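Commentary on secondary and tertiary structure
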Amino acid sequence: MTVHFIGAGPGAPDLITVRGLKLVQRCPVCLYAGSLVPAEVVAEAPTGARVIDTAPMDLDAIMAEIEAAHDKGQDVARVHSGDPSLYGAIQEQIRRLEPLGIPYAICPGVPAYAGMAASLGQELTLAGVSQSIVLTRTAVRASAMPNREDLATFAASGATLAIHLSVNNLAKLVRELTPFYGADCPVAVGYRVTWPDEMILRGTLADIRDKVKKTGITRTALILVGRTLDPDGLSAAFEDSRLYAADHHHVLRPKAE
């Protein structure tokens, strides 16, 4: 048997990968993060499958289910939201699987920041504006952030920031980022991006906190910060990439002799 860690994508059930869906459809055991994985995805589990929402379970209970499936020789679809490599808490499960000799594999998924960029209808890396995206979070009740992984350090680069699990820390975020990006820097907050009840708020570091407070959003939100998000100044603010420039030549578009 194999435990398949599967990224279900950011929310829309049709954003799971073809590979991930096929795994769900054939595994006799499906353990999923119920608060974040669409019901339509786990509904694809085969008839008679053991389907369990792990949201109320601790790690020991989850591992007990996996070990029971291993004893029966049953493959497990361990379904996480987004891409399991980002805040997926899969490594702590893998750390327990390896000493037990339980095989595992990882099926990547569409990450939340990619889903949000699609909903915004824009690219997050623009020539001459920002060519980097920093994926990070802040510490609230979750694990502490390592030393040197603070917002000021990342902000000093001017990169586009994708800040997870931090909507309840918005006041601190605004306070620490404003000296680097400016109060007029564009910000987008995406609540349950790609879900039917998706909500995206656009604003600046100066006003985004008030906008979020009015909605009552307290969880399941992603915050994007950076000049690439400016919906009005994009045409003037960034350069065309060199990739398609007429005078840019490469192996697939050689220079005419």
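Residues numbered from 1 in each chain as written. Predicted model: local features only at pLDDT ≥ 70, side-chain atom pairs only at ≥ 80, totals over all residues. Heavy atoms only, no water.

**Topic: the pairing of strand S8 (residues 186-191)**
Counted residue by residue, S8 has 5 buried out of 6 residues, so it is predominantly covered. Where S8 lies against strand S9 (residues 199-204), 6 bridges are found, and the strand directions are antiparallel. Within the sheet, the bridge partner assigned to Val 189 lies in S9 and is Leu 201. In this structure, S8 lies alongside strand S10 (residues 221-225), joined through 5 bridges in antiparallel fashion. In the strand pairing of S10, Ala 188 is matched with Leu 224. (Buried < 20%, exposed > 50% of the residue type's maximum accessible area, 1.4 Å probe, protein only. Helix = DSSP H or I, 4+ residues; strand = E, 2+ residues; numbered from the N terminus. Pairing = 2+ DSSP bridges.)

**A closer look at the packing of helix H3 (residues 59-71) against helix H4 (residues 91-100)**
Between H3 and H4, whose axes approach to 11 Å, the crossing angle comes to 45°. Of the possible angle classes, the one that applies to H3 and H4 is oblique. For the crossing formed where H3 meets H4, the hand is right-handed. When H3 is examined against H4, the residues Leu 59, Asp 60, Ile 62, Met 63, Ile 66 and Glu 67 are found in contact with a partner set consisting of Glu 92, Gln 93, Arg 96, Leu 97 and Leu 100. Of the residues that constitute the contact of H3 with H4, the class distribution is 6 nonpolar, 1 polar and 4 charged. (Axes fitted to C-alpha atoms, helices over the stretch in contact; angles between N-to-C directions. Parallel < 35°, antiparallel > 145°, perpendicular 65-115°, else oblique. Left-handed = near helix turned anticlockwise from the far one by under 90°. Contact = heavy atoms within 4.5 Å. Nonpolar A, V, L, I, M, F, W, Y, C, P; charged D, E, K, R; others polar.)

**Some thoughts on the side chain of Gln 93**
Here Gln 93 shows up in helix H4. Not counting residues within four places of it along the chain, the set of residues in contact with Gln 93 comprises Phe 5, Leu 59, Ile 62, Met 63, Ile 66, Arg 78, His 80 and Gly 88.

**As for the packing of aromatic side chains**
Considering all chains together, one arrives at 1 aromatic pair under this definition. Each ring, one from Phe 5 and one from Tyr 104, has its centre 6.4 Å from the other, and the planes form 70°; the classification is edge-to-face. Within this pair, whereas Phe 5 is found in strand S1 (residues 3-7), its partner Tyr 104 is found in strand S5 (residues 104-107), the two being separated by 99 residues in sequence. The residue whose ring lies beneath Arg 192 is Trp 195, and the NZ or CZ to ring-centre distance is 4.0 Å. (Phe/Tyr/Trp six-rings, centres within 6.5 Å; stacked < 30°, edge-to-face > 60°. Lys NZ or Arg CZ within 6 Å of the ring centre and 35° of its normal.)

**Looking at the packing of helix H7 (residues 170-181) against helix H8 (residues 208-215)**
Closest axis-to-axis distance for the H7/H8 pair is 10 Å, and the angle between their directions is 170°. If you check the angle between H7 and H8, you find them roughly antiparallel. Of the residues in H8, those touching H7 at Leu 170, Ala 171 and Val 174 are Ile 208, Arg 209 and Val 212. When the residues that make up the contact of H7 with H8 are grouped by side-chain class, the tally is 5 nonpolar, no polar and 1 charged.

**Quick notes on the pattern of salt bridges**
This model, assessed by the stated rule, comprises 7 salt bridges. The residue Asp 60 makes a salt bridge to Arg 96 at a minimum N-O spacing of 2.5 Å. Taken together, the positions of Asp 60 in helix H3 and Arg 96 in helix H4 put the pair 36 residues apart, joining distant regions of the chain. As a salt-bridge pair, Asp 184 and Arg 227 come within 2.7 Å of each other at their nearest N and O atoms. Placement of the pair is Asp 184 in the loop between H7 and S8 and Arg 227 in the loop between S10 and helix H9 (234-237), with a sequence separation of 43 residues. Judged by its relative accessible area of 34%, Arg 227 is partly exposed. (Salt bridge = Lys/Arg side-chain N within 4 Å of Asp/Glu carboxyl O.)

**Remarks on the sheet that holds S5**
Taken in spatial order, the 5 strands make up an open sheet running S3-S2-S4-S1-S5, and their pairing is parallel. The two strands at the open ends of the sheet, each matched to only one other strand, are strand S3 (50-53) and S5. On average, each strand axis in the sheet is tilted by 15° relative to the strand beside it, whichever way the strands run. Alignment of S1 against strand S4 (residues 76-80), held across 5 bridges, turns out to be parallel. Note that in S4 the partner of Phe 5 across the bridge is Arg 78.

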